[in-house]
Amino acid sequence: SCCYLSRRLNQLSSHDPLWKRHCKKYWLISEEEKSQRNQSWKAIFISTYSDLGRYIRYYATLKKAWDDLEKYLGQRCPRMIGSLKESVREEDLDAVEAQIGCKLPDDYRCSFRIHNGQKLVVPGLMGSMALSNHYRSEDLLDIDTAAGGFQQRLGLKQCLPLTFCIHTGLSQYMALESVEGRNKYEIFYQCPDQMARNPSAIDMFITGTSYLEWFTSYVNKVVTGGYPIIRDQIFRYVHDKECVATTGDITVSVSTSFLPELSSVHPPHYFFTYRIRIEMSKDALPEKACQLDSRYWRITNAKGDVEEVQGPGVVGEFPIISPGRVYEYTSCTTFSTTSGYMEGYYTFHCLYYKDKFFNVTIPRFHMVCPTFKVSTARMETNHNEYAVDEDEDSTDTDEYEDRRRVLDIPAPSGRCPRHT
């Protein structure tokens, strides 16, 4: 625009080094890429703008997120890279909008101009969760599959699926319009109201306020190590750095995850899984080797109700811990309140001094249900039809127990007793 104002501004706007900054800032064009394209910075900016100009607010952020994710997965989960699809064209996105009769948000469109989601494979790009008889792995849907799952039924009107798990049928949806109590572009897990007579009564666990925020925050968790890589998959366990306790040479740390597919708002049933890591310092003396005998749990829900549990071993096993060795296992618990916490201790005995016993602290770890919204169908119905009992005690069970994993030792199968 400036070049049309005066001769001097016309000269300045043609000064190529001025366009270098814009090319790097908005399109992430490197010096190497410029050399390969054999064009001036100004020509590169203009040609890119003509194709992607409507996404100038989002492109650099989303392109960096995709680049960071590909680099990270290329080193740690290379087979996942092969499932990513190439970008789609602008006309393909326009065709989808015409098909579903709704406009797609520009940040969503921009992401699919970079990668068209992934193939329906396992593991899924959007994270996994595994317990002994329950497995979830979410794929990021390509645009055609997402359009095929576009919803117009009551309870999910004008909602587009973003992810899908082929094992559980679970999806995260994005609301394309502000209807049925949802905000436009809000992202959520659907949660059918099990106490309602109306099938359109669907509650929602909110996971994002926009596609940009939802996708980039997930990628940041992955590439900064916030989500662990286990068996070549991204596992969506959240670890609080303060949730670590050291007793002598043994350190116990805990990470947790909320499972929406096993939870409900009505009736109140919030399902959490936690992963515990027990490690002995590699500098510990060999005679410090010990074996876990029992565990004690103190479980407190949001009402302050306390349940105490004690039992032998963990996950049906009695692991031996020695210098430099790590033992990990996964268990789960449910609350009838939206949050709660657990803490306790393990009792060990020394292998060299079998009559010597000691306790190892398990740090307090909190579990909090994400923000949820109650369906408008429920709100418009007589509340007397839905008496809710929130006095259930929390339970810590082995029904979804994962096999333990001792580093550098094959993991045998095994089930654990209750309250592990």
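Residues numbered from 1 in each chain as written. Predicted model: local features only at pLDDT ≥ 70, side-chain atom pairs only at ≥ 80, totals over all residues. Heavy atoms only, no water.

Moving on, we get to helix H5 (residues 59–76). Compared with an ideal rise of 1.5 Å per residue, which puts 18 residues at 26 Å, H5 spans 26 Å between its outermost C-alpha atoms and is within 8% of the ideal. Every buried residue belonging to H5 is among Tyr 59, Ala 60, Leu 62, Ala 65, Trp 66, Leu 69, Tyr 72 and Leu 73, and all of these are buried. (Helix = DSSP H or I, 4+ residues; strand = E, 2+ residues; numbered from the N terminus. Expected span 1.5 Å × (residues − 1). Buried < 20%, exposed > 50% of the residue type's maximum accessible area, 1.4 Å probe, protein only.)

Together, Leu 120, Val 122 and Ile 166 give the surface a local cluster of nonpolar side chains, amounting to about 240 Å² of exposed area. Tracing the chain through its elements places Leu 120 in the loop between helix H8 (106–114) and strand E1 (128–131). When its relative accessible area of 46% is taken as the criterion, Leu 120 is described as partly exposed. (Patch = residues over 30% accessible without salt bridge, like charges linked within 9 Å, V, L, I, M, F, W, Y side chains within 5 Å. Areas by Shrake-Rupley, 256 points an atom, 1.4 Å probe, with all protein chains shown as cover. Salt bridge = Lys/Arg side-chain N within 4 Å of Asp/Glu carboxyl O.)

This part takes up the layout of surface pockets. Estimates place the volume of the largest pocket at around 790 Å³. Every residue lining the largest pocket is counted, 31 residues in all, and those nearest its centre are Tyr 227, Val 238, Phe 258, Val 368 and Pro 370. Among the secondary structure elements, those contributing two or more residues to the lining of the largest pocket are strand E8 (202–208), helix H10 (211–223), strand E11 (238–247), strand E12 (250–258) and strand E19 (357–368). Across the lining of the largest pocket, the residue classes break down as 16 nonpolar, nine polar and six charged. The residues that make up the lining of the largest pocket include at least three from each of domain 2 (58–223) and domain 3 (240–372). The volume enclosed by the second largest pocket comes to roughly 340 Å³. Taken together, 17 residues make up the lining of the second largest pocket; nearest its centre are Gly 225, Gly 226, Pro 228, His 239 and Ser 255. At the level of elements, strand E9 (229–230), E11, E12 and strand E13 (270–280) are the ones that each hand at least two residues to the lining of the second largest pocket. (1 Å grid on protein atoms, 1.4 Å probe; cavity = no way out; pocket = protein on both sides within 12 Å on 5 of 7 lines; lining within 4 Å. Points joined across faces, edges and corners; volume = space filled by probe spheres on them. Nonpolar A, V, L, I, M, F, W, Y, C, P; charged D, E, K, R; others polar. Domains from an automatic or database assignment.)

Residues Leu 104, Tyr 108, Leu 125, Tyr 211 and Phe 215 are the most contacted members of the largest nonpolar core, which totals 51 residues. Elements represented by at least two residues in this core include exactly helix H2 (17–27), helix H4 (41–52), H5, helix H7 (90–100), H8, helix H9 (143–148) and H10. Sorting elements by how many residues they give to this core places H5 first, with seven residues. In terms of domain composition, this core takes at least three residues from each of domain 1 (7–54) and domain 2 (58–223). (Core = buried A, V, L, I, M, F, W, Y, C linked by side-chain atoms within 4.5 Å.)

Glancing now at the side chain of Thr 347. Residue placement: Thr 347 occurs in strand E18 (residues 339–350). Given a relative accessible area of 15%, Thr 347 falls into the buried group. Within the structure, Thr 347 has its side chain in polar contact with the side chain of Asn 359 (distance 2.8 Å). Not counting residues within four places of it along the chain, the set of residues in contact with Thr 347 comprises Gln 291, Leu 292, Asp 293, Ser 294, Phe 357, Phe 358 and Asn 359. (Polar contact = N/O pair within 3.5 Å; in protein donor to acceptor, adjacent residues only side chain to side chain. Contact = heavy atoms within 4.5 Å.)

The subject of this paragraph is unusual backbone geometry. Of note, the bond from Val 122 into Pro 123 is cis; its omega dihedral lies within 30 degrees of zero at 10°. Among the structural elements, Pro 123 can be located in the loop between H8 and E1. Residues His 266 and Pro 267 are joined by a peptide bond in cis, for which omega reads 0°. Tracing the sequence through the fold places Pro 267 in the loop between E12 and E13. Despite not being glycine, Leu 28 has its phi angle at roughly 55°, a positive value.

Before going further, it helps to examine the pattern of salt bridges. In the structure shown here, the tally under the stated rule is 28 salt bridges. Across the pair Asp 51 and Arg 113 runs a salt bridge whose closest N-O atoms are separated by 3.0 Å. Of this pair, Asp 51 sits in helix H4 while Arg 113 sits in helix H8, placing them 62 residues apart in sequence. On the basis of relative accessible area, Asp 51 is assigned to the partly exposed category, the value being 40%. Under the relative-accessibility criterion, Arg 113 is labelled buried at 13%. Of the charged contacts, one joins Arg 298 and Glu 308 as a salt bridge, the two residues approaching to 3.9 Å between their closest N and O atoms. Of this pair, Arg 298 sits in strand E14 (residues 290–301) while Glu 308 sits in strand E15 (residues 306–312), placing them ten residues apart in sequence. Judged by its relative accessible area of 34%, Arg 298 falls in the partly exposed class. A single salt-bridge network, built from bridges that share partners, covers Asp 51, Arg 54, Glu 90, Asp 94, Glu 97, Lys 103, Asp 106, Arg 109 and Arg 113.

The next thing to look at is the domain arrangement of the chain. Often, the extent of an interface is quoted as the loss of accessible area on bringing the components together. By domain assignment, the chain separates into domain 1 (7–54), domain 2 (58–223) and domain 3 (240–372). Distance from the C-alpha centre of domain 2 to the C-alpha centre of domain 3: 33 Å. Opposite the 15 residues of domain 2 that make contact, domain 3 presents 20 residues. Summed over both sides, the interface between domain 2 and domain 3 buries roughly 1,400 Å², with carbon and sulfur atoms accounting for 71% of that surface. Taken as a group, Met 129, Leu 131 and Phe 205 account for 37% of the area that domain 2 buries against domain 3, more than any other trio of residues on that side. Across the contact surface, domain 2 and domain 3 share one salt bridge. Across the pair Glu 261 and Arg 136 runs a salt bridge, and its minimum N-O distance is 2.8 Å. Along the contact surface separating domain 2 from domain 3 lie five residue pairs in polar contact (both at pLDDT 80 or more). Contributions of two or more residues to the side of domain 2 that touches domain 3 are made by E1, strand E2 (134–137), strand E7 (187–192) and E8. (Buried area = accessible area lost by both parts, 1.4 Å probe.)

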